[in-house]
Amino acid sequence: MYLALLVIFLQCSELYTQERVFTFNTIEIKVQPSVKVKNGASMSIVCHADISKSTNFQLKHNFTIFKDGKLVFMTVSDKEDARYEISMARSSDTGEYECTVEAGGKTKSSNSLHVWVTGMTKPILTAEKKEVLEGEVVKLRCELPEEVPPLYFFFRKIKMNSTPKEKHVFEPHRNFSVVEFSVEEGDNILQFDCFGRRTVKLEFEDSVYSNKTLVTVREPFIKPTLNAKPSSNITEGDRIQFECSTVVAQMRDIEIILQKDKTILNSVRDEKLLKYSAVATLEDSGEYLCKVEQRRASKTTKLNVVVSELFPKPILAASVSKLDENKELTLSCSISGFRKANFSILRKNSNGDTWLRNSRNLTMRVNVNDTGSYICKAEVKGIVKESKPVRINVYAPVSKPTLSVVSGLPEVVLGKPLRLICHSVMGTPPIKFTFYKGNEVKKIVINDTYATFLDENIRLNDKRGYKCDARNNHSSGMKTSNILNITVIVPIRNASLGSIPYGEVEDGSETVFLCSVKEGSWPIRFRIFRKTDHEVLLFEKSENADRVMWRKEAMNRQDTGTYYCMASNRANVDVKSHPITISVILAAWQKGVIAAFVLIPIAGAVTVTLWWFLCKKKKAKGPSMEMSGSALATNLTSEKLTRQHNDGDYYSGSGYIEDTENHMKSTDESKGPDLESAEVEYTEVEVSTLDPHRAPVQKGTETVYSEIRKSNNPAYLLSLFLLILWKTGILEYKGILMLLRTVISKISWEKKTSQDGRCCKRFKSSAALI
């Protein structure tokens, strides 16, 4: 029974649970009456939950409203709406609002909604002091009590009949700001106000102006008075006195200053009166300023003073401004319409003026050192005036100029520029230099003591000389240099080297070397070198000619090598010839001696050996062949009989001959074969055998190798003989080749048949060793 009740309970619970199904459709947030609300008006933030349910059952909703991410309202209700009431909206209520609803373990949020409370509260302005002195500061505080930073604060200083002065401050973290305004001269009654500004959605919104705050200004001292005695209009030479005074409440830190054109003339401290006097000059005309200062307070008074001219500036006149040395110069000083004055004449220098004479006139004989500027001064009633300077130039005559080449020697390499310098030792600058090539003016230069000229058009056959003129303002006129002739150096071109005899020279004979150039200025330095492992200088000589000859009297084998020559002149360019090769060979008498004492015995020995070898081969040809090939013939007899069973007639084959000419060529290229390395020579022969069982003659070929020692080998001896002939230079390569062909043709044997019917074949020596 209990089990049945439990099943019924579970089924009822499952049915109950299935009946309480719900889901959030949307969560909405809105503002009443609108998203833009005036400051001070009421507004409501309404959050609505749109929910779908399986049945009509009660559901608890937790409503939460956020502003700019911060919680501002929360409530629990079984209704689907929640309302956040704000009775008086302030600008601080501006922001982004969002609503979140939680029910039955489910949560959903609305989209954000921006609410703008327009209009800012009126700021409050307070001043630290209501009464201040000139030079002090007024400290102000502006506050927006119901606003939220960041905020901008704007302060104004309002003065009668003037434009207000404004200051602004940005406050990122507080809703008030403090500034200071200085109290200046002339400020009496001041008014101050301020307003605030904030930024909403990239738009500025300003508050109304604050209350006006009144500040009274007191003077620490009165405006100073400035007087000039006897008058502000006086004549130069008269004494003028300035007086500047003020009335001050406190004498401490008071200062009076007298200025003219920003130049301080006099000053006093902790006094109420300043005095200053001077002898008036024209330069004293102008505006004077008296300034009284105490701490930050400052007041000024201006006075304009006019000084009339007592006499004009003197005028200095010279009899002449440019003259030769040792000439007379007269200087005269005068004042237009005024004669009663004390005159003096001076010469101006960088370290001060040099007095010459206290007089109206000055006459002197001048020299070059008197060149300079002169002035005169006039004094009347203590007033001294100075004339404008007069420039006097005294000239010494130029000396005869010298014309030379900058590099030193009067020569130039063809194709390179020529730089000349014209120099005058004496003469007052500026000096005018003129360069000539022949009679043609090339360049004009004005300088102090010298001038240079560059001629880039140098020709080989140009015979025109160079000269220069020099002149200044001296009356003596122009001086001309001597004519300078230039040597044009032609560089060496195309050096060549030859010899007689050319190529091969006999040992001990004379050889003449000739080194020549195609063109080049004399003298020419010739050098002949031999190039081995390093360059060896053999001959060196300077000649006033385009060639040089050098005789080498006795040449030897060590003189074999490559020769070349080098030529150079004052153009300093070494020109190298193409190299030539000289080979020193044996003289004719040396070849004869070798032939008489060395080659003839060798030739005889070779001939005897060859004759003996031929005779021996002729007599013992059959047995020798049988002995040398017996072993191989025994092994091959049965095989050759079988192979030749079906052959026809007997056939005697022949050997082969190597291409001797080609072999000699390779021997010549490798400087002769290594004869000592060939110990055994192999010769191919053919052996014919008789078939004892058959009537027809069988044909067969066998290869038999016979060893021929070098001591008994005519080919070896012949090779040695020919090598000596070639190395000593007695025979050339072509002669050796012709001799070799003749010998090879002589050492072959014709085919013969022996008495017993055996066939012999030609024997032929291999030419490999040769």
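Residues numbered from 1 in each chain as written. Predicted model: local features only at pLDDT ≥ 70, side-chain atom pairs only at ≥ 80, totals over all residues. Heavy atoms only, no water.

A. Structural view of a nonpolar patch on the surface. Where nonpolar side chains cluster on the molecular surface, the patch consists of Trp589, Val593 and Phe597 and spans about 390 Å² of accessible area. Inspection of the secondary structure assignment puts Phe597 in helix H2 (residues 588–619). Overall, Phe597 belongs to the exposed group, its relative accessible area being 65%. (Patch = residues over 30% accessible without salt bridge, like charges linked within 9 Å, V, L, I, M, F, W, Y side chains within 5 Å. Areas by Shrake-Rupley, 256 points an atom, 1.4 Å probe, with all protein chains shown as cover. Salt bridge = Lys/Arg side-chain N within 4 Å of Asp/Glu carboxyl O. Helix = DSSP H or I, 4+ residues; strand = E, 2+ residues; numbered from the N terminus. Buried < 20%, exposed > 50% of the residue type's maximum accessible area, 1.4 Å probe, protein only.)

B. Quick look at the sheet that holds strand E41 (residues 450–455). Ordered by their spatial adjacency, 3 strands build an open sheet running E36-E38-E41, and the pairing between neighbours is antiparallel. Edge positions in the open sheet fall to strand E36 (402–405) and E41, since each of these has one partner strand only. Strand-to-strand twist in this sheet, taken as the mean axis angle between neighbours without regard to direction, amounts to 25°. Of the strand pairs in this sheet, E36 and strand E38 (residues 418–423) are connected by 4 bridges, and their pairing is antiparallel. Across the sheet, the residue bridging to Ser404 is Ile421, located in E38. (Pairing = 2+ DSSP bridges. Axes fitted to C-alpha atoms, helices over the stretch in contact; angles between N-to-C directions.)

C. Layout of the pattern of salt bridges. Summed over the entire model, instances satisfying the criterion amount to 35 salt bridges. Glu293 serves as the salt-bridge partner of Lys291, at 4.0 Å between the closest nitrogen and oxygen. Salt-bridge contacts for Arg525 lead to Glu540; the nearest nitrogen and oxygen are separated by 2.6 Å. In this pair, Arg525 sits in strand E48 (residues 524–531) while Glu540 sits in strand E49 (residues 535–543), placing the two residues 15 residues apart along the sequence. Accessibility expressed as a relative area gives 32% for Arg525, which makes it partly exposed.

D. Quick peek at the state of the cysteines. One pass over the structure, following the stated rule, counts 6 disulfides. Paired through a disulfide, Cys515 and Cys565 show a sulfur-sulfur distance of 2.2 Å. Across the disulfide from Cys515 to Cys565, rotation about the S-S bond amounts to roughly 70°, and the bridge is consequently right-handed. With Cys515 in strand E47 (residues 511–519) and Cys565 in strand E51 (residues 561–568), this residue pair connects regions lying 50 residues apart in the sequence. Accessibility expressed as a relative area gives 0% for Cys565, which makes it buried. If you count the bonded cysteines of the protein from the N-terminus, they pair up as 1-2, 3-4, 5-6, 7-8, 9-10, 11-12. (Disulfide = S-S within 2.5 Å.)

E. Just the confidence of the model for the protein, in detail. Chain-level pLDDT for the protein is 79 on average; 77% of the residues reach the 70-or-more range. Segment residues 12–17 is flagged for pLDDT under 50; beyond a separation of four residues in sequence, or across chains, it makes 0 contacts in the model. Across residues 748–770 the pLDDT falls below 50, and counting only partners more than four positions away or on other chains, this stretch makes 57 contacts in the model. (pLDDT = per-residue confidence, 0-100. Contact = heavy atoms within 4.5 Å.)

F. Main features of the sheet that holds strand E22 (residues 254–260). On the basis of which strands lie adjacent, the open sheet formed by 5 strands has the order E20-E26-E25-E22-E23 and mixed pairing. A strand with exactly one partner marks an edge of an open sheet, and here the two such strands are strand E20 (233–235) and strand E23 (263–269). The average undirected angle you get between the axes of adjacent strands in this sheet is 25°. In terms of strand pairing, strand E25 (residues 286–294) meets strand E26 (residues 297–308) through 9 bridges, oriented antiparallel. Paired with Lys291 across the bridge in E26 is Thr300.

G. Highlighting the side chain of Thr100. Along the chain, Thr100 falls in strand E7 (residues 95–103). Judged by relative accessible area, which is 16%, Thr100 ranks as buried. Within the structure, the side chain of Thr100 is placed 2.9 Å from the side chain of Ser109, a separation counted as a polar contact. (Polar contact = N/O pair within 3.5 Å; in protein donor to acceptor, adjacent residues only side chain to side chain.)

H. Unusual backbone geometry, seen in detail. Here the residue pair Ile500 and Pro501 is connected by a cis peptide bond, since its omega of -5° sits within 30 degrees of zero. In this structure, Pro501 sits in the loop between strand E45 (493–500) and strand E46 (504–506). Geometrically, the link from Trp522 to Pro523 is a cis peptide bond, its omega value of -10° lying close to zero. Among the secondary structure elements, Pro523 is positioned in the loop between E47 and E48.

I. Quick peek at the packing of aromatic side chains. Tallying each qualifying case throughout the model produces 14 aromatic pairs. For the ring pair Phe73 and Tyr84, a centre distance of 5.3 Å and an interplane angle of 25° mean the geometry is stacked. In this pair, Phe73 is assigned in strand E5 (residues 70–77) and Tyr84 in strand E6 (residues 81–86), connecting sequence segments 11 residues apart. Among the aromatic residues, those joined into a ring-pair cluster are Phe513, Phe539, Trp550 and Tyr563. (Phe/Tyr/Trp six-rings, centres within 6.5 Å; stacked < 30°, edge-to-face > 60°.)

J. Broad picture of the environment of Arg239. Inspection of the secondary structure assignment puts Arg239 in strand E21 (residues 239–245). Between the alpha carbons of Arg239 and Ala278 there is a distance of 5.5 Å; along the sequence they are 39 residues apart.

K. Structural view of the nonpolar core. Judged by nonpolar contacts, the single largest core of 26 residues is most densely connected at Met43, Ile45, Tyr97 and Val101. Among the secondary structure elements, those contributing two or more residues to this core are strand E1 (22–32), strand E3 (43–53), strand E4 (61–67), E6, E7 and strand E9 (113–118). Val101 has contacts with Phe24, Ile27, Cys47, Ala49, His61, Asn62, Phe63, Lys106, Thr107 and Lys108, leaving out every residue within four places of it along the chain. (Core = buried A, V, L, I, M, F, W, Y, C linked by side-chain atoms within 4.5 Å.)

L. Here's a closer look at the environment of Ser44. Counting through the fold element by element, Ser44 comes out in strand E3. By relative accessible area, which is 8% here, Ser44 ends up buried. A C-alpha to C-alpha distance of 6.0 Å links Ser44 and Ile86, two positions 42 residues apart in sequence. Filtering out sequence-adjacent residues up to four positions away, Ser44 remains in contact with Lys30, Val31, Gln32, Arg83, Tyr84 and Glu85. Polar side-chain contacts of Ser44 include one of 2.5 Å to the side chain of Glu85.

M. Structural context of the pairing of E26. The two faces of E26 differ: Ala297, Lys299, Thr301, Leu303, Val305 and Val307 on one face are buried, but Ser298, Thr300, Lys302, Asn304, Val306 and Ser308 on the other face are not. Bridging between E20 and E26 involves 3 bridges; their strand directions are parallel. If you follow Asn233 over to E26, its bridge partner there is Val306. Two successive antiparallel strands, E25 and E26, enclose a turn made up of 2 residues, where Arg295 displays a positive phi of approximately 55°.

N. Inspection of the pairing of E25 at higher detail. Bridge count for E22 against E25 is 7 bridges, and the pairing is antiparallel. Residue pairing for E25: Gln259 is matched across the bridge by Leu289.

O. Fine view of the environment of Ala49. Looking at the element boundaries, Ala49 is found in strand E3. Relative accessible area serves as the criterion here: at 0%, Ala49 is assigned to the buried category. Through-space distance from the C-alpha of Ala49 to that of Asp81 is 6.4 Å; in sequence the pair is 32 residues apart. Residues contacting Ala49, with those up to four places away along its chain left out, are Thr26, Ile27, Phe63, Glu80, Asp81 and Val101.

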